[in-house]
Amino acid sequence: MNFDFSDDQKLLRDQARKFLQDKCDRSLVRSILEDSEQNYSENLWKDIAEMGWTGTAIPEEYGGLGLGMLELCVIAEELGRSLAPTPFSSSIYLFAEFIKSYGNEEQKKKYLPKIASGEFIGTFALSETNGTPRPSNIKASVNDGKLSGEKAPVNDGEVADIIIVAANSDNNANHNSLSLYLVEKDDPGLSKSSLETLDPTRPACSLNFSNVNAEQLGNRGEGWSMIEDIFNRAAVLFSFEQVGGAQVSLDEAKKYSLERFAFGRQIGSFQALKHKMADMYVKIELARSNAYYGAWALSTDSNELPVAAAGARVSASDAYNYSSQENIQIHGGVGFTWEYDCHLFYRRAKLLSLNIGSTRQWKENLISNLEKRNIV
Amino acid sequence: MDFNDSPQEAEFRKEIQKFLETNAEKRSTIADKPNDKGPQIAVAGAPETVRGGKEAADEALERAKEWQKKKADAGFAAILWPKEFGGYGGSPIQQVIYSQEEHNFFVPSGYFEIGIGMLGPTMMVWGKDEDKKRYLPKMITGEEIWCQLFSEPSAGSDLAGIKMKAEKNGDEWVLNGQKVWTSGAHFADYGMIVARSDPSALKHKGLTYFFLDMKTPGIEVKPIKQISGTANFNEVFFSDVRIPDSQRLGAEGEGWKVALTTLMNERLAVGDPPGLDFDQIFEATKEIEVEDGLAIKNSEVRQKMADWYVQSRGLQYTKFRSITALSKGQTPGPELSISKLVTASKMQDVSAYALDLMDMSGTIHNDKNPILKNLFQNGYFFSAAMRIAGGTDEVLRNIIAERVLGLPQDERPDKKLPFNELPSGKN
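Residues numbered from 1 in each chain as written. Chains lettered and ligands numbered in written order. Predicted model: local features only at pLDDT ≥ 70, side-chain atom pairs only at ≥ 80, totals over all residues. Heavy atoms only, no water.

Undergrad: Just give me the short version of the overall build of chain A, but keep the residues and values in it.
TA: The helix and strand tally for chain A stands at eleven helices and ten strands. Its C-alpha radius of gyration of 21 Å places chain A within 12% of the 21 Å reference for a compact globule of 376 residues. For chain A, the C-alpha atoms occupy an extent of roughly 75 × 50 × 40 Å along the three principal directions. The long-range share in chain A, meaning contacts at least 24 apart out of those at least 6 apart in sequence, stands at 74%. Per element, the accessible surface of chain A, about 14800 Å² overall, is 46% carbon and sulfur. Where the 39 positive side-chain charges of chain A centre and where its 51 negative ones centre are 5 Å apart. (Helix = DSSP H or I, 4+ residues; strand = E, 2+ residues; numbered from the N terminus. Rg over C-alpha atoms; globule rule 2.2 N^0.38 Å. Contact = heavy atoms within 4.5 Å. Areas by Shrake-Rupley, 256 points an atom, 1.4 Å probe, with all protein chains shown as cover. Lys, Arg positive; Asp, Glu negative; His and termini not counted. Charge placed at Lys NZ, Arg CZ, Asp CG, Glu CD.)

Okay, structure coming up:
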């Protein structure tokens, strides 16, 4: 059994961690948080692209490094640890994966090299209303190659050069009519209005489409199954980001509990806090192990992916939400000040746990995929 | 990343499978426990609390000894022990593989684990050569069973709070006091014991460690009936029990150090599959009806099941990480410490929830309950014990906090005062 990352992958992790400590410190994260004009750190994005991270899992023939999904998992964990304010998840975990899996040769040639080099930012637009996106509540539709409708929130929509939009291929919304379309940012029929998010270092906007040019991606009517597939793939990558953030939440809680004295002793010596941190550790270790299993399924294109991805996602959301929340609690009063960093993780944790579907939804996915697996 | 055995591991696994297939019956359903047939853990209980009484208990013991002998003859009874004492001379990863495979068969358990897992290795480190030759081979073959006499009424989580008196008298020691929670004392032939030889020393300094014959005059064993109705543990009373100084392990006053050898040899839990778990309640929800149809179709049920699934598989994959470390010859990380903490609470939650789903029928606690052979009713009681035995949830959280996370120990007045001046709440 070899249920671990390879030495090369661990080396990549160490390099990525050092690189981000240098290029993405908390002051950089705060500069994006506190400047509503800036949607992401362009400098960091350039640096990351120069390192080749944006092309990690994109084949060499399309301008990527041609490494595997395991390497991308390693990088995801480090991005999560550093709270990197970049559109990496939208452009790489979602857009690039859609094109890799479902793009035709022309689309791959057109977009993947630019995504790999960081020149283009891509994203995916699905949700239209409060509640869980489903085929029946997607109203956007395409007629004669023109897309109309409204999408919100679209993560990184304001900075995206190219957007994949889920829309009905005829006017009747149902399971069999949902398809995916590519829309370019400069289309005159596309208008944007920015939205505030729980975590302004990861912005979103609403997009209004009025007869914009839409190029079909993948087969007509197969939109929902493509979305499920790519969300499964992305869920594993998100789970590594979440585990990274959860671990730092625990590390910082621990550090503070050793520095802060009350009643004549380090607060980290009180069992009430020790047990809380032990619980954080347990959730994080479980999440890490579930994420590893997801990584294995993702990297081997296993039939286990739907179950493994949902398990990784549920476990990681739980670990990060809990750890970031209890990190504030362990800090006491200063924990909910703007000055201390606890809120950066608290914001990011909740945002990540909603970005590609809620914990509730992923739990449902998990059980329904287990049922399907048992029938097969 | 892969889940494959190395060629050597695969070969070893085949060897084990061949041995088990020839000598034991394979389990079939998820509700079968390893000891459903043949002697059960429960049968290792005291005769008066076992269904079938003394006759059944004796028969179970005999069958367990027969099985142990077979294992020993094949060389698999103590994978980690050196060959000179009858062990396999194997590696931790081989121990894991053996446990994984054995779990698929109905075989007796609950008699020899403490001896082979913890007490034998203690004798290997601290015992004299003649004692090792005399006792260790018979420990492996099951001819002699050993028990561990550590806990006392006032020394549970605070194990070093032992009060059992050991007074030196010439070449002998005289023991007076009481031990408790001693698994298997009612059938054990020998035991290892920690006692206080110097009450005026600091708590961890005044202890001395011995082994003894359980038939020594002055020892009285009384079973403790648990909430499950059976008795696997005992109280053991010592009145003027005289043992020769030659049965001391380690120096006078060094007993805590020797005890740590015993405790650090707790069985590698990585090979152990969980008992009652997600898979069992998942099966049950396909049979039980709730207000809106089958339980598995109910969204609240599904949400809860997902939580248990990720805990269950998270632990399993954590074990895979540990096995990977073992396989590479590394020491598994501290992640192992989370296993019992998560497993016991999960079992309690799963059992209680399953009973709730069964609704009024959940109260039926005998073999007539059609859902998975009474599994959840048993789990409801067993899990409460599991959260305490072998380290309470609270002690395990302390261990994680202190040894894994490096957080400071709590205030410890007992580290500064002689043992006989410590507040005990009783005198």
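Next, the rest of the story.
Undergrad: Summarise the nonpolar core; cite the residues concerned and give the values.
TA: If you look at the biggest cluster of nonpolar residues, it comprises 163 residues, and the most contacted ones within it are F88, F124 and I227 of chain A. Per-element tally for this core: the top contributor is helix α7 (residues 223-259) of chain A, with 17 residues. If we ignore the near neighbours within four places in the chain, the residues touching I227 of chain A are F98, F124, L126, A166, L178 and L180 of chain A. Counting residues in each nonpolar core, the second largest holds 54 residues, with L61, A78, F85 and F150 of chain B among its members. (Core = buried A, V, L, I, M, F, W, Y, C linked by side-chain atoms within 4.5 Å. Buried < 20%, exposed > 50% of the residue type's maximum accessible area, 1.4 Å probe, protein only.)

Undergrad: Break down the interface of chain A and chain B for me, with residues and values.
TA: With 44 residues of chain A in contact, the opposing surface of chain B contributes 50 residues. If you look at where chain A meets chain B, you find nine salt bridges. Where chain A meets chain B, there are 20 residue pairs in polar contact (both at pLDDT 80 or more). Put simply, the parts of the chain that give the side of chain A that touches chain B at least two residues each are α7, β10 (265-266), α8 (271-299), α9 (305-331) and α11 (359-375) of chain A. The leading source of residues in the side of chain A that touches chain B is α8 of chain A, at 16 residues. Each residue belonging to the side of chain A that touches chain B can be placed in one class, and the counts come to 19 nonpolar, 13 polar and twelve charged. (Salt bridge = Lys/Arg side-chain N within 4 Å of Asp/Glu carboxyl O. Polar contact = N/O pair within 3.5 Å; in protein donor to acceptor, adjacent residues only side chain to side chain. Nonpolar A, V, L, I, M, F, W, Y, C, P; charged D, E, K, R; others polar.)

Undergrad: So, helix α5 (residues 129-141) of chain B: which residues are in play, and what are the values?
TA: All names here are of chain B. The first and last C-alpha atoms of α5 sit 19 Å apart over 13 residues, in line with the 18 Å expected at 1.5 Å per residue. If you look at α5, its biggest bend is around 25°, right at Y135, and the proline P137 turns up within four residues after that. All of the buried residues in α5 are D131, K132, Y135, L136, M139, I140 and T141. Directly after α5, the chain includes G142, whose backbone phi takes a positive value near 85°. (Expected span 1.5 Å × (residues − 1). Bend = angle between axes of the 7 residues up to and from the residue.)

Undergrad: Can you explain the packing of helix α1 (residues 7-23) of chain A against helix α3 (residues 42-50) of chain A? Please cite residues and give values.
TA: Residues and elements named next belong to chain A. With their axes 11 Å apart at the nearest point, α1 and α3 run at an angle of 155° to one another. In terms of orientation, α1 and α3 fall into the roughly antiparallel class. Here α1 and α3 pass one another in a crossing that is right-handed. Within the contact between the two elements, α1 uses F19, L20 and K23 and α3 uses L44, D47 and I48. (Axes fitted to C-alpha atoms, helices over the stretch in contact; angles between N-to-C directions. Parallel < 35°, antiparallel > 145°, perpendicular 65-115°, else oblique. Left-handed = near helix turned anticlockwise from the far one by under 90°.)

Undergrad: Describe the confidence of the model for chain B, naming the residues involved and giving the relevant values.
TA: Counting all residues, the mean pLDDT for chain B is 88, and 89% of those residues have values of 70 or more. Low confidence marks residues 34-43 of chain B, where pLDDT is under 50. Its contacts with residues over four positions away, or in another chain, come to 30 contacts. (pLDDT = per-residue confidence, 0-100.)

Undergrad: Mind laying out the domain arrangement of chain A, listing which residues take part and the relevant values?
TA: Residue and element names in this part refer to chain A. According to the domain assignment, chain A consists of domain 1 (7-88), domain 2 (123-220) and domain 3 (224-375). Here the C-alpha centroids of domain 1 and domain 3 sit 19 Å apart. Contact with domain 1, which involves 17 residues of that partner, is made by 27 residues of domain 3. Between domain 1 and domain 3, the buried area comes to about 1800 Å², and carbon and sulfur atoms account for 62% of it. When the buried surface of domain 1 facing domain 3 is broken down by residue, R26, R30 and L83 rank first, second and third, together holding 30% of it. Where domain 1 touches domain 3, the interface holds four salt bridges. (Domains from an automatic or database assignment. Buried area = accessible area lost by both parts, 1.4 Å probe.)

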